[in-house]
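# Summary of structural features
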Amino acid sequence: MFKRILLPTDGSELSLRAVDMGLELASSLHASVYGFHVIPPTPTLAYFADIALADADCVLEQTEAFAQQCLDTIQKRAAAAGVAYEGSTVVEQHAANAIVAVAQQQACDLIVMASHGWQGFDRLLLGSETHKVIIHGIMPVLVVR
């Protein structure tokens, strides 16, 4: 049925639940998984105070280290489940667009992701990334609550 499953993660506990479900599904189907983390570009205004205090390269290093930590978690869990794993990160403002693009580039035939996203007023203005992936994607999306 499914041969390659995309597992996007933001490192949260909720997204790790989706990762675990995706790995369980991949194991039962003898499918491979592709871990993916989107690094948001550092918005100058939103992080002005932090950037004023810290070197921009330091901020980038920290976000890249966090992204790698997210992928390392998926890789370890995939190895424990006996599932073939590959993964990558990308710097992109719009996570949903990056998720759909990498799913197509990596020939994934299913995306497994958490139902959470923006909260409160931000969600009303921006929508959830999961919802955007469902609307703009061209493949099935398994949403884990």
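For the structure itself, consult the block above.
## Some points on the nonpolar core
Soluble globular proteins: nonpolar side chains tend toward being buried together. Counting 18 residues, the largest nonpolar core has Ile 5, Leu 7, Leu 23, Val 33 and Val 112 as its most contacted members. Mapped onto this core, the elements with two or more residues apiece are β1 (4-8), α1 (13-29), α3 (56-81) and β4 (110-114). Considering every element that reaches this core, the biggest residue donor is α1, with 5 residues. Other than its neighbours up to four places away in sequence, Leu 23 contacts Leu 7, Val 33, Ile 74, Arg 77, Ala 78 and Val 83.

## Let's talk about the side chain of Thr 9
If you trace the backbone, Thr 9 turns up in the loop between β1 and α1. A relative accessible area of 7% means that Thr 9 is categorised as buried. Apart from residues no more than four positions distant in its own chain, Thr 9 is found in contact with Ser 15, Leu 16, Val 19, Phe 36, His 37, Cys 70 and Ile 74.

Reading guide: rules and limits
Residues numbered from 1 in each chain as written. Predicted model: local features only at pLDDT ≥ 70, side-chain atom pairs only at ≥ 80, totals over all residues. Heavy atoms only, no water. Core = buried A, V, L, I, M, F, W, Y, C linked by side-chain atoms within 4.5 Å. Buried < 20%, exposed > 50% of the residue type's maximum accessible area, 1.4 Å probe, protein only. Helix = DSSP H or I, 4+ residues; strand = E, 2+ residues; numbered from the N terminus. Contact = heavy atoms within 4.5 Å.

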